[in-house]
Amino acid sequence: MKTSRTIISILLIYFSLSFAQFDWEWQYSTTNEQLNDVYFLNKRIGWVVGDRGIILHTVNGGKDWYQQYSGVTGKLKAVHFLDENRGWVVGDRAMLSTRDGGLTWSKYPYRIITDIECLWFIDDSHGWICGSENIIQKTSDGGTNWDIIHTSVGKFDDIFFLDEQLGWVHSRDNAGYIYKTENGGYTLQPMSRSRKSFKTFFFLDAERAWSCGGVVGELNKIFGWIDVSNDGADNWSMLYEEGLMHSVRFFDDKYGIALGQKNRGPFTDKIYDLFYKTVDGGVSWESCEPGGNAFHFVNRKIGWVVGNGGMIYKTNTAGGILNIPSVRNSK
């Protein structure tokens, strides 16, 4: 009887995952390159960036994608637009800007950071970039000018600001600490140490935050986690430990989405990318394909996922995840 119930559960999960894919619309991207980030201003206008200097643009929600000439051949990692004309793209040895929606891209002449990992704007004026060096660059005029902030740590791989003053950065230097700033990045206060397998974090407000990460070990065995903080990153506690998560976003204190990976089963070394959703603050997660490298949602239902091989998928139904059995973390 127990074996029968197990088989039925597996079949339910399998068919739920299969049918959930109908809520994702594949979009022809015009490239086979790895895609690393996506940003939409609204339901119609968006950009995607990837390896070998790839920049893609759509004006009809992704029905058609057009390549824009970046002028670089390295890996582009992040994109952000302030409006339909002004935008920024950063990556390996690249810091690009446009004033005409991407028809022309210019290399920023005063790039200080060699490999830029993080690009963050909170409004049309205030933005930050950071990466391989012990430097944070900050703009207060939409990127026309950038202040250079020298720090005692470096190798930044994630950044998050709530307003002009309050923000956090993660450094792989100094044992992987998360640093808090209350003056726009000019001084950094070390908070609690993150795990070595850290990928990213998300702050809902000054107190509530989630961080996630994981590694792929021997025989492709995945070890992953999500932690939660209720005191602004002073302390973290383990919330979920099942699949590897590499990106996460919350719309409120209950509803969140993430991208990650999971082993296909206990008796195989195959892994697959997944899109995750939680409705209980991250205690449990439901998953469906496709996953990917990055996502962007313009509201709770409409979003895009991009990934390897030029993959772009769009959903109008928040991924269409069915009521499949959630795998809850055992504590």
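The structure we're discussing is the one just above.
Residues numbered from 1 in each chain as written. Predicted model: local features only at pLDDT ≥ 70, side-chain atom pairs only at ≥ 80, totals over all residues. Heavy atoms only, no water.

Draft legend 1. Representation of the overall build of the protein chain. From N to C terminus, the protein chain includes 1 helix and 29 strands. Within the protein chain, buried positions represent 53% of all 331 residues. Taking as baseline every contact in the protein chain between residues at least 6 positions apart, the subset at least 24 positions apart corresponds to 44%. Approximately 15,400 Å² of the protein chain is accessible, and the part contributed by carbon and sulfur atoms is 49%. (Helix = DSSP H or I, 4+ residues; strand = E, 2+ residues; numbered from the N terminus. Buried < 20%, exposed > 50% of the residue type's maximum accessible area, 1.4 Å probe, protein only. Contact = heavy atoms within 4.5 Å. Areas by Shrake-Rupley, 256 points an atom, 1.4 Å probe, with all protein chains shown as cover.)

Draft legend 2. Broad picture of the pattern of salt bridges. Within the structure shown, the criterion is met by 10 salt bridges. Its salt-bridge partner being Arg86, residue Asp83 comes within 2.9 Å of it at the nearest N-O pair. One salt bridge connects Arg195 with Asp227, and the closest N-O pair in it is separated by 2.7 Å. On the criterion of sequence distance, the pair formed by Arg195 in the loop between β17 (189-193) and β18 (198-203) and Asp227 in strand β20 (residues 222-229) is long-range, its members being 32 residues apart. Assessed through its relative accessible area of 27%, Arg195 is described here as partly exposed. By relative accessible area, Asp227 is classed as buried at 7%. Look at the salt bridges and you will find they share partners, linking Lys77, Asp92 and Glu117 into a network. (Salt bridge = Lys/Arg side-chain N within 4 Å of Asp/Glu carboxyl O.)

Draft legend 3. Here's a closer look at the environment of Glu133. By the secondary structure assignment, Glu133 is in the loop between β11 (127-131) and β12 (135-139). In this structure the C-alpha to C-alpha distance between Glu133 and Ile113, which are 20 residues apart in sequence, comes to 5.8 Å. What Glu133 contacts, discounting residues up to four positions off in sequence, is Ile112, Ile113, Thr114, Asp115, Gly154, Lys155 and Phe156. Separated by 2.8 Å, the side chains of Glu133 and Ser132 make a polar contact. (Polar contact = N/O pair within 3.5 Å; in protein donor to acceptor, adjacent residues only side chain to side chain.)

Draft legend 4. Examining the nonpolar core more closely. Formed by 27 residues in total, the largest nonpolar core has its most connected members in Ile226, Met245 and Trp285. Going through the elements one at a time, β18, β19 (209-216), β20, β21 (237-240), β22 (244-250) and β24 (271-278) are the ones with two or more residues in this core. The greatest single-element share of this core, amounting to 4 residues, is contributed by β18. Setting aside residues no more than four positions away along its own chain, Met245 makes contact with Lys199, Cys212, Gly213, Trp225, Ile226, Tyr240, Ala258, Leu259, Gly260, Tyr276 and Trp285. (Core = buried A, V, L, I, M, F, W, Y, C linked by side-chain atoms within 4.5 Å.)

Draft legend 5. Fine view of the pairing of β24. Among the 8 residues of β24, 6 are classified as buried, and the element is accordingly described as predominantly covered. Across 8 bridges, strand β23 (residues 256-263) lies against β24 in antiparallel orientation. The partner of Leu259 across the bridge, within β24, is Phe275. Hairpin connection from β24 to strand β25 (residues 284-288): 5 residues lie between these consecutive antiparallel strands, with Gly281 at a positive phi of about 80 degrees. (Pairing = 2+ DSSP bridges.)

Draft legend 6. Quick peek at the packing of aromatic side chains. Taken as a whole and assessed by the stated rule, the structure comprises 24 aromatic pairs. Judged by centre distance (3.6 Å) and plane angle (5 degrees), the ring pair of Trp128 and Phe161 falls under stacked. Separated by 33 residues along the polypeptide, Trp128 in strand β11 and Phe161 in strand β14 (residues 156-161) bring together distant segments of the chain. On the basis of relative accessibility, which here comes to 4%, the residue Phe161 falls in the buried class. (Phe/Tyr/Trp six-rings, centres within 6.5 Å; stacked < 30°, edge-to-face > 60°.)

Draft legend 7. Representation of the sheet that holds strand β28 (residues 312-315) within the structure. The antiparallel open sheet is built from 4 strands, whose spatial order is β1-β28-β27-β26. Where the open sheet ends on each side, the last strands, each with one partner, are β1 (24-26) and β26 (294-297). Direction aside, neighbouring strands of the sheet carry axes that sit 20 degrees apart on average. For β26 and strand β27 (residues 303-306), the ladder comprises 4 bridges, and the chain directions are antiparallel. By the bridge assignment, Phe297 is partnered in β27 with Gly303. (Axes fitted to C-alpha atoms, helices over the stretch in contact; angles between N-to-C directions.)

Draft legend 8. Here's a closer look at the environment of Val90. Its place among the elements puts Val90 in strand β7 (residues 87-91). Given the relative accessible area of 1%, Val90 is considered buried. Separated by 18 residues in the primary sequence, Val90 and Tyr108 place their C-alpha atoms 10.0 Å from one another. Leaving out residues up to four positions away in the same chain, Val90 has contacts with Leu76, Lys77, Ala78, Met95, Ile116, Leu119 and Ile129.

Draft legend 9. Region of the structure containing the sheet that holds β21. Across the sheet, which stays open at both edges, the 4 strands sit in the order β18-β19-β20-β21 with antiparallel pairing between neighbours. Here the strands that pair on one side only, and so sit at the sheet edges, are β18 and β21. Neighbouring strand axes in the sheet, compared pairwise and without regard to direction, differ in orientation by 30 degrees on average. Where β20 and β21 come together, 3 bridges link them in antiparallel fashion. Note that in β21 the partner of Val228 across the bridge is Ser237.

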